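Residue-level structural notes
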Number of protein chains: 2
Amino acid sequence: LPSMQTSSSKPCPCPSFKLREVASMYFTMIAVFLVILVVALQGSAPRGTYFPYKVPLDPQGLLELSWNVSYPEQAVYFQILNRDLKFGLLFGMSDRGEFENADLAVLWSDGHSSYFGDAWSDAKGHLHMDSQQDYQLLGAQSAPEGLYILFRRAFSTCDPKDYLIEDGTVHLIYGILEKPVHSLQAINISAIHRGLQRVQLLKPNITIPELPSNMKTMEITVPNVVIPSQETTYWCYMAELPDSFPKHHIVMYEPVITAGNEALVHHMEVFQCTAEFDSIPRYNGPCDSKMKPDQLNYCRHVLAAWAMGAQAFYYPEEAGLAFGGPGSSRYLRLEVHYHNPLVFKGRRDSSGIRLYYTASLRRYDAGIMELGLVYTPVMAVPPGEAAFVLTGYCTDKCTQRALPAAGIRIFASQLHTHLAGRKVVTVLSRDGRERQVVNADGHYSPHFQEIRMLKEVVAVFPGDELITACTYNTEDRSQVTVGGFGIMEEMCVNYVHYYPQTQLELCKSAVDPGYLHRYFNLVNRFNDEEVCTCPQVSVPQQFSSIPWNTFNRDVLKSLYSFAPISMHCNKSSAVRFPGEWEKQPLPSITKTLREPVPHCPPAPGPHPAVSVPLKLGKIKR
Amino acid sequence: LPSMQTSSSKPCPCPSFKLREVASMYFTMIAVFLVILVVALQGSAPRGTYFPYKVPLDPQGLLELSWNVSYPEQAVYFQILNRDLKFGLLFGMSDRGEFENADLAVLWSDGHSSYFGDAWSDAKGHLHMDSQQDYQLLGAQSAPEGLYILFRRAFSTCDPKDYLIEDGTVHLIYGILEKPVHSLQAINISAIHRGLQRVQLLKPNITIPELPSNMKTMEITVPNVVIPSQETTYWCYMAELPDSFPKHHIVMYEPVITAGNEALVHHMEVFQCTAEFDSIPRYNGPCDSKMKPDQLNYCRHVLAAWAMGAQAFYYPEEAGLAFGGPGSSRYLRLEVHYHNPLVFKGRRDSSGIRLYYTASLRRYDAGIMELGLVYTPVMAVPPGEAAFVLTGYCTDKCTQRALPAAGIRIFASQLHTHLAGRKVVTVLSRDGRERQVVNADGHYSPHFQEIRMLKEVVAVFPGDELITACTYNTEDRSQVTVGGFGIMEEMCVNYVHYYPQTQLELCKSAVDPGYLHRYFNLVNRFNDEEVCTCPQVSVPQQFSSIPWNTFNRDVLKSLYSFAPISMHCNKSSAVRFPGEWEKQPLPSITKTLREPVPHCPPAPGPHPAVSVPLKLGKIKR
């Protein structure tokens, strides 16, 4: 067990009336207090039970992160297991996983002594010691499997150099020091072994609902496949429910990961096929293979979804997800995303999802509803935009028509965009006033889509509005990005999981095509250029011919925030509820939700900018 | 001399290691420290010499504010003389002089004891004690003329409830308590005698230049006029220079205020008439009188300007303002704005401006240049806008053409808009990068226009750009506001005072009229409405017919930030420099100046939220 070096504490001075002395004494005492705290906690060994969440940080699994969230303390407790510690490691957070402007905890060794400190990297990636030490070292312990490091970080520190830990995706970054360094500043982070891992750090604090006694399990797993030796593979495997499988409720599910492949299995989804086809061919192979039967494209109804770092998913006590029975397809498609950047060869895998289901149906069927934008090219993002927002509406008229008087309860949400998506947020509005955030991810990544349980169940009543805004970055694109199904086209969707199930499957919008036509017209006339506005030319072609000057960009934004919308208030993707859904007015918002003001951590307050020296014994090489 | 009640100080505890105790001790000690500080400073009588700046706060002159600015401390020292103190007073600052969301220092008495505290008012005008006490009471002293109160306030406190003291106009507010109040919260600020006064609080710290020994003075004053018994009067008086008065340099000027009228004389300007007319009739009367000769409208060249709270104006040592000699009119127009809200009758006044001038010409003639927008209706502000920005440009091409290689030095500036103006800022840009703020007023008021000496002289070289942005509020208007000369039309001008004088008198811009025509066209087509775009209809008429929906507003903004400009790069208001000045590209800015981050006051740090009890002896009634 490594021991901690305590710095010698000054004798306690009796305070005089000079302010500077008081302040200096105050900080000295906090420093002493900090060291004592560290030493005190040093003795208590980190136990696995305290860290319910776990992800490997690197593809080899050398660094393993476990963590826990304390909402009363508004802080995260981290434990990193270093299976092969050399001369230290970097761990931290940044907006989208970059190593510039990042907030880092650094453990480093000069070959003799080891140090721990809270650091930050500037826009050029140079490291600096933070003036306020907010990664608080709680202990370090060596074990047969490696060295454990324990530390704590408040969600919000009020230090402008620190990352603000929020709900939704957090981009964790790590780096491994393979040579001794003489100081923090001497670390060249562009030259080290490093990477990023996305997680939902602030897991909701949910009470696990009581589970039925007659619960059965079913594992939908790939059949001992060889993981392809390429960075990215989407593997498709078709499974079947037994013949005449009656209606059941799925009440929970959890991942099944083949031991040793924890760092390779990135995410998994189980889809149910449409009941239109009597049979669907079997398939076991890459999803993008030419050999893949076309019918698999009709297997899009999500039954279960898991992504790295996620745990078991529980349905609320009153609801379950129906599967089986008449009108429900027997065919299930399992999709596994393998992320194999080190291009391991010949690894075998049998991962998948374990469904827990019961024949004792719960009170309500759970449903899934699509909010956001219709998949149509009329919603477009100009090229070269850093943060262009497209907004999809579920209007009061549609919820009035389609929801029961007692309302529905949204308990989970899966956000979805294609590659340009950077943020997604859905807000509930009532009587023109924003009331509640349904789900928000300010660091959304299209590479990390999971079904997230909400911290609080959101009740939605007839007449409420659900407004979903997606922010896109097209700085690396030279052509316009239009809405659509293609990977280079865009979507803005929030799949909300709710109960009781209603007929409303889709509550989405798009700009009125007539108004878009007027936009093409005015752009044409204003710019003296030839934008073909003849109706036989497609919308994507018209968008492609626009010269993207600031005026045409600005006016497109103005159009989207002014023009009436076409509503898709649908029972299924093709069947609308009766009513007039064209040229609908945009919901008007008279009062927006206030940005939450991050509050700074309570005592222990700011810590002086000193790195804490550690004795880690002999460091393994 | 009133004495101060000291609160009993606790015995000094020897610190233990518990953080809370340390923190509590820390605050206790600061409280003790504060009281001691107050008592210590109590003894030193406030002397007039420490407060070089002075304004009456109320029209009767019952409250007189003096102040000084300490740039090293980043703080303002205030002294208020209460000539007739009753049960206390409120003094503070707010965005535009309103009593809601204001930052206030309050002195109040319950009839027995008096208290002082830093307070704030909420959006409904209710008073609250501030959690951080940033108006620091330094002392109070009674004298035959009344009670003096001294206090100090840092420019920036980092308390969100506090006003940030910045350059430019500050709206001071005051209130007089005429009845005892039992607590701060009990003060009903809508029911008290109250008002506002505008001042430039942060006077620049300028070394007074050496003055010539042969300096003469000339007083341009109104001839013992009776101030009209109405709230607002602009009085015009024509003065004449002696026959054959040769060229002189004005090197300084200062106000001459008739004793007793300090609270009534709001601002004064001396204009020189155009040399086109051989003679101009004499006049002494209201400027808006029908009897006023038309020729007075040709007296617009500013020689001197003063507003309440301003002191003497000094030209830089190397420069003077030329007047007299050939090509210079003998006729001067003095304009005095009397603000007489209490409608005093029969007050006589002989106020004006004293010019200090010399026949020993200085090295350079000073010049005045107009920056900003051309007076044309093509620049318009829609109705109902809270903060609509119009921007005028002085382009690199014009400064290249018109300025000497050695550049010019701007040393003073007078900002000008009509009634809707709320902010004005001019920024110097070089090679597409903003370099320096020439002059900025974030609380600009059209009712408070003075020539302000700049803190730093700004050097402008050929190829530099000067960008002037004005922010307008038209929330109380139902019709569009177009650019023009009328009081309900708008201007955006910065008159910069500089040397050496050049031929460039006007460096202003307006949007290209052809692009504005395209805007009318597209609005017409987009909105299915009849906006008459026939050229025989005037621009104001076309603007008037626009339905002001969000789209038409947004697109007008987009137009102004995109369309090319027509430049007025003029020797005089009618004569342009040779060159192509139509359809010029907008200057492109690749790097903007960073907003200054307000830094919080150094020690003494935050003060606990306690009101300081005072003994003021027997309060006069």
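The structure presented is a predicted model; accordingly, all values stated were derived computationally and were not measured.

1. As for the pattern of salt bridges
- Enumeration over the complete set of coordinates arrives at 46 salt bridges over all chains.
- Across the pair glutamate 240 of chain A and arginine 282 of chain A runs a salt bridge whose closest N-O atoms are separated by 3.1 Å. In this pair, glutamate 240 of chain A sits in strand S14 (residues 232–240) while arginine 282 of chain A sits in the loop between strand S16 (265–272) and strand S17 (284–286), placing the two residues 42 residues apart along the sequence.
- Two residues, aspartate 431 of chain B and arginine 435 of chain B, come together in a salt bridge whose shortest N-O distance is 3.7 Å.
- A residue is classified by how much of its surface remains accessible, and arginine 435 of chain B, at 34% relative accessible area, is partly exposed.

2. Re the state of the cysteines
Residue and element names in this part refer to chain B.
- The tally for this structure, following the rule as stated, stands at ten disulfides over all chains.
- Each sulfur of the disulfide joining cysteine 470 and cysteine 492 lies 2.0 Å from the other. Here cysteine 470 and cysteine 492 share a disulfide; its torsion about the S-S bond, 85°, makes the bridge right-handed. Remark: cysteine 492 occurs in the loop between strand S33 (481–482) and strand S34 (493–499) and cysteine 470 occurs in strand S32 (residues 465–472); sequence separation between them is 22 residues.

3. Section: the side chain of asparagine 340 of chain B
All names here are of chain B.
- Turning to its location among the elements, asparagine 340 is positioned in the loop between strand S21 (331–339) and strand S22 (348–349).
- Within the structure, the side chain of asparagine 340 is placed 3.3 Å from the backbone oxygen of proline 228, a separation counted as a polar contact.
- Dropping the residues within four chain positions of it, asparagine 340 is found in contact with Ile227, Pro228, Ser229, Gln230, Glu231 and Leu264.

4. Points about the nonpolar core
- Residues Tyr519, Phe543 and Leu559 of chain A together with Tyr519, Phe543 and Leu559 of chain B are the most contacted members of the largest nonpolar core, which totals 70 residues.
- Once residues lying within four places of it in the same chain are set aside, the contact partners of tyrosine 519 of chain A are Phe543, Ile546, Trp548, Asn552, Val555, Leu556 and Leu559 of chain A together with Phe526 of chain B.
- Val222, Val302, Val336 and Val493 of chain A belong to the second-largest nonpolar core, a separate cluster that totals 54 residues.

5. Concerning the UniProt feature "domain: DOMON" (unreviewed entry) in chain A
- Following the UniProt record, the feature "domain: DOMON" (unreviewed entry) maps to residues 61–177 of chain A here.
- Within the segment residues 61–177 of chain A, helix and strand shares are 0% and 56% respectively, and the terminal C-alpha atoms sit 16 Å apart.

6. Quick notes on a positive patch on the surface
- Residues Lys161 of chain A together with Arg433, Lys591 and Arg594 of chain B make up a contiguous surface patch of positive charge.
- By the element assignment, lysine 161 of chain A lies in the loop between strand S9 (146–154) and strand S10 (169–176).
- Lysine 161 of chain A gets classed as partly exposed once you look at its relative accessible area, which sits at 38%.

7. Examining the sheet that holds strand S30 (residues 433–441) of chain A
Residue and element names in this part refer to chain A.
- Strands sit in the order S27-S32-S29-S30 across an open sheet of four strands; the sheet is antiparallel. Strand pairing shows two members of the sheet lacking a second neighbour, strand S27 (388–394) and S30, which therefore form its edges. Pairwise comparison of adjacent strand axes, ignoring direction, gives a mean angle of 20° for this sheet.

8. Focus: the environment of lysine 290 of chain A
- Examined against the element boundaries, lysine 290 of chain A turns out to sit in the loop between S17 and strand S18 (301–307).
- Through-space distance from the C-alpha of lysine 290 of chain A to that of lysine 571 of chain A is 33 Å; in sequence the pair is 281 residues apart.

9. Thoughts on the environment of histidine 128 of chain B
All names here are of chain B.
- With respect to the helices and strands, histidine 128 occurs in strand S7 (residues 127–129).
- Apart from the residues lying within four places of it in its own chain, the contact partners of histidine 128 are Asp118, Ala119, Trp120, Asp122, Leu184 and Gln185.
- One polar contact links histidine 128 to aspartate 122, side chain to side chain, over a distance of 2.8 Å.

10. A look at the side chain of aspartate 512 of chain A
Residues and elements named next belong to chain A.
- One can find aspartate 512 in the loop between strand S35 (506–511) and helix H3 (513–526).
- Judged by its relative accessible area of 3%, aspartate 512 falls in the buried class.
- One polar contact links aspartate 512 to lysine 583, side chain to side chain, over a distance of 3.2 Å.
- Aspartate 512 has contacts with Pro564, Ile565, Ser566 and Lys583, leaving out every residue within four places of it along the chain.

11. Considerations on helix H5 (residues 550–560) of chain B
Residue and element names in this part refer to chain B.
- Judged by how many residues are buried, H5 sits mostly within the fold: eight of eleven residues are covered.
- The set of residues buried in H5 consists of Phe551, Asn552, Arg553, Val555, Leu556, Ser558, Leu559 and Tyr560.
- With a side-chain oxygen lying 3.1 Å from the backbone nitrogen of phenylalanine 551, the N-terminal cap of H5 falls on asparagine 549.

12. Some points on the domain arrangement of chain A
All names here are of chain A.
- Segmenting chain A into domains produces domain 1 (53–203), domain 2 (216–362) and domain 3 (366–571).
- Both sides together, the interface formed by domain 1 and domain 3 hides about 1100 Å², and carbon and sulfur atoms give 44% of it.
- Of all residues in domain 1, the largest losses of buried area upon contact with domain 3 belong to Arg96, Thr169 and Arg198, amounting jointly to 50% of the total for that side.
- The tally of links between domain 1 and domain 3 comes to one salt bridge.
- With its nearest N and O atoms 2.6 Å apart, the salt bridge here joins lysine 455 to aspartate 167.
- Linking domain 1 with domain 3 are nine residue pairs in polar contact (both at pLDDT 80 or more), by the criterion used here.
- Counting residues per element, the ones that place at least two in the side of domain 1 that touches domain 3 are S10 and strand S11 (193–200).
- Broken down by element, the side of domain 1 that touches domain 3 gets its largest block of residues, three residues, from S11.
- Taken together, the residues of the side of domain 1 that touches domain 3 sort by class into three nonpolar, four polar and five charged.

13. A look at the packing of H3 of chain A against helix H3 (residues 513–526) of chain B
- One can describe the packing of H3 of chain A onto H3 of chain B by two numbers: an axis separation of 10 Å at closest approach and a directional angle of 160°. Here H3 of chain B runs roughly antiparallel to H3 of chain A, going by the angle between their axes. In this structure, the crossing between H3 of chain A and H3 of chain B has a hand that is right-handed. From H3 of chain A, Tyr515, Arg518, Tyr519, Leu522, Arg525 and Phe526 of chain A reach across to H3 of chain B, where they touch Tyr515, Arg518, Tyr519, Leu522, Arg525 and Phe526 of chain B.
- When grouped by side-chain class, the residues that make up the contact of H3 of chain A with H3 of chain B number eight nonpolar, no polar and four charged.

14. Describing the sheet that holds strand S37 (residues 575–576) of chain A
Residues and elements named next belong to chain A.
- Read from one edge of the open sheet, seven strands run S31-S28-S34-S25-S35-S36-S37, paired in mixed fashion. A single partner strand is all that each edge strand has here, and the edge strands are strand S31 (452–460) and S37.
- Both S35 and strand S36 (residues 565–572) contribute to a ladder of six bridges, which runs antiparallel. What sits directly across from alanine 510, in S36, is serine 566.

15. Quick word on the packing of aromatic side chains
- The final tally for this structure, using the stated rule, is 48 aromatic pairs over all chains.
- Ring geometry for phenylalanine 277 of chain A against tyrosine 298 of chain A: centres 5.1 Å apart, planes inclined by 75°, an arrangement best described as edge-to-face. Of this pair, phenylalanine 277 of chain A sits in the loop between S16 and S17 while tyrosine 298 of chain A is found in the loop between S17 and S18, placing the two residues 21 residues apart along the sequence.
- Here the guanidinium or amino end of lysine 397 of chain B rests over the ring plane of tryptophan 581 of chain B, the centre of that ring lying 5.5 Å away.

16. A few points about unusual backbone geometry
- Looking along the chain, the bond that leaves tyrosine 499 of chain A and enters proline 500 of chain A is cis, with omega of -10°.
- The topology assignment puts proline 500 of chain A in the loop between strand S34 (493–499) and S35.
- In this model, aspartate 431 of chain A sits at a positive phi of 55°, which is unusual for a non-glycine residue.
- Note on placement: aspartate 431 of chain A falls in the loop between strand S29 (421–430) and S30.
- Here the phi dihedral of asparagine 101 of chain B falls at roughly 50°; this positive angle occurs in a residue that is not glycine.
- Residue classification places asparagine 101 of chain B among the exposed residues on the basis of a relative accessible area of 53%.

17. Overview of a nonpolar patch on the surface
- On the surface, Leu419, Ile487 and Met488 of chain A cluster together to form a nonpolar patch covering roughly 280 Å² of accessible area.
- In this fold, leucine 419 of chain A is placed in the loop between strand S28 (408–416) and S29.

Analysis parameters
Residues numbered from 1 in each chain as written. Chains lettered and ligands numbered in written order. Predicted model: local features only at pLDDT ≥ 70, side-chain atom pairs only at ≥ 80, totals over all residues. Heavy atoms only, no water. Salt bridge = Lys/Arg side-chain N within 4 Å of Asp/Glu carboxyl O. Helix = DSSP H or I, 4+ residues; strand = E, 2+ residues; numbered from the N terminus. Buried < 20%, exposed > 50% of the residue type's maximum accessible area, 1.4 Å probe, protein only. Disulfide = S-S within 2.5 Å. Polar contact = N/O pair within 3.5 Å; in protein donor to acceptor, adjacent residues only side chain to side chain. Contact = heavy atoms within 4.5 Å. Core = buried A, V, L, I, M, F, W, Y, C linked by side-chain atoms within 4.5 Å. UniProt positions renumbered as here; feature names shortened; annotations may be inferred. Patch = residues over 30% accessible without salt bridge, like charges linked within 9 Å, V, L, I, M, F, W, Y side chains within 5 Å. Areas by Shrake-Rupley, 256 points an atom, 1.4 Å probe, with all protein chains shown as cover. Lys, Arg positive; Asp, Glu negative; His and termini not counted. Charge placed at Lys NZ, Arg CZ, Asp CG, Glu CD. Pairing = 2+ DSSP bridges. Axes fitted to C-alpha atoms, helices over the stretch in contact; angles between N-to-C directions. Domains from an automatic or database assignment. Buried area = accessible area lost by both parts, 1.4 Å probe. Nonpolar A, V, L, I, M, F, W, Y, C, P; charged D, E, K, R; others polar. Parallel < 35°, antiparallel > 145°, perpendicular 65-115°, else oblique. Left-handed = near helix turned anticlockwise from the far one by under 90°. Phe/Tyr/Trp six-rings, centres within 6.5 Å; stacked < 30°, edge-to-face > 60°. Lys NZ or Arg CZ within 6 Å of the ring centre and 35° of its normal.

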